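Examination of the molecular architecture
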Amino acid sequence: MQEKHQFLIERGHLDRQIELLTRLEERDTIDNLQEYDLSEYFRALEEFKTSHKDEVITYWGSEENFDLFIQQIRKSEAQAARLAVQEFGSVEAYTEAMKYNLEHFSEIMKKWQAQIPEELKAKDPFVKLASHKGEPVSSDVVQQLVRDAISRARDTASSELFCDHASYCDLIIELYSGDYIHAVTDTKHGTGSAEYIVSAFQYYLDHFRERG
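Residues numbered from 1 in each chain as written. Predicted model: local features only at pLDDT ≥ 70, side-chain atom pairs only at ≥ 80, totals over all residues. Heavy atoms only, no water.

Time to look at helix α5 (residues 77-88). With 12 residues, α5 should cover 16 Å at 1.5 Å per step; its first-to-last C-alpha distance of 16 Å lies within 8% of that length. Of the positions making up α5, those classed as buried are Gln79, Ala80, Ala81, Arg82, Leu83, Ala84 and Phe88. (Helix = DSSP H or I, 4+ residues; strand = E, 2+ residues; numbered from the N terminus. Expected span 1.5 Å × (residues − 1). Buried < 20%, exposed > 50% of the residue type's maximum accessible area, 1.4 Å probe, protein only.)

This is the structure:
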């Protein structure tokens, strides 16, 4: 149960981050906000940042990136709380699970990373896209990587994340243009990486999306 919603605090699992951030864009109203108070969860995140600086830097790249992560959740706090209640039954149960994850963060992350085959890591189209930074986004190699990312999402992502090529590209462009994922991507792959990924997907939208 404790690991069920780990993607809320892990930095590396982009597909789950994207799915979470997509769901947080929903604008459902909540009648009783007191039931959905995440202040204790935010306190736990702030304590984690103070007491586990090395882990924060290792997995988020910097304390500033971690602050952006917290801000991203705060911006949609009501929606995040609603999802927590849906999946855990109450905000209290969710917060306790998240506290457990934070207390065992390195252990959980190492276990999660060990489960990812090396060949899958090597085939990550977003990592490969970042490695081509500086090459024209119109090149056949770069555009094939965009198609690979789209195909991977189509085959593995939920219907909430992937409904068609254009919508998925729009989502990637929006997310990589946002402060949090932009900062983490540039920290991990070098300045300009997020902007390059955005440009590559935008080129695909402008020239090739009709081909699917």
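What helix α3 (residues 53-60) keeps buried is the set Glu55, Val56, Tyr59 and Trp60. Buried residues of α3, seen end-on, are gathered within an arc of 100° and therefore sit on one face of the element. Among the exposed residues of α3, those pointing more than 90 degrees away from its buried face are Asp54 and Thr58. The positive-phi residue at the C-terminal boundary of α3 is Gly61, with phi of around 95°. (Arc of directions from axis to C-beta.)

A word on the confidence of the model for the chain. Per-residue confidence for the chain gives a mean pLDDT of 76, with 72% of residues at or over 70. Of all the helices and strands in the chain, helix α1 (residues 14-23) carries the lowest mean pLDDT, 49, while helix α13 (residues 193-207) carries the highest, 92. Here residues 1-18 is a poorly scored stretch, pLDDT under 50, and it has 60 contacts once near neighbours within four places are set aside; other chains count. Here residues 24-34 is a poorly scored stretch, pLDDT under 50, and it has 15 contacts once near neighbours within four places are set aside; other chains count. (pLDDT = per-residue confidence, 0-100. Contact = heavy atoms within 4.5 Å.)

A word on the pattern of salt bridges. Counted by the stated rule, this structure contains six salt bridges. Asp67 serves as the salt-bridge partner of Lys49, at 2.8 Å between the closest nitrogen and oxygen. Here Lys49, found in helix α2 (residues 39-51), pairs with Asp67, found in helix α4 (residues 63-75); they are 18 residues apart in sequence, far enough to count as distant. Using a relative accessible area of 25% as the deciding quantity, one classes Asp67 as partly exposed. (Salt bridge = Lys/Arg side-chain N within 4 Å of Asp/Glu carboxyl O.)

A separate point is the packing of α2 against α3. The packing of two helices is summarised by the inter-axis angle and the distance between the axes. Closest axis-to-axis distance for the α2/α3 pair is 5 Å, and the angle between their directions is 100°. The angle between α2 and α3 falls in the class roughly perpendicular. Between α2 and α3, the residues in contact are Phe48, Lys49, Thr50 and Ser51 and Lys53, Glu55, Val56 and Trp60, respectively. Among the residues making up the contact of α2 with α3, the classes are represented as three nonpolar, two polar and three charged. (Axes fitted to C-alpha atoms, helices over the stretch in contact; angles between N-to-C directions. Parallel < 35°, antiparallel > 145°, perpendicular 65-115°, else oblique. Nonpolar A, V, L, I, M, F, W, Y, C, P; charged D, E, K, R; others polar.)

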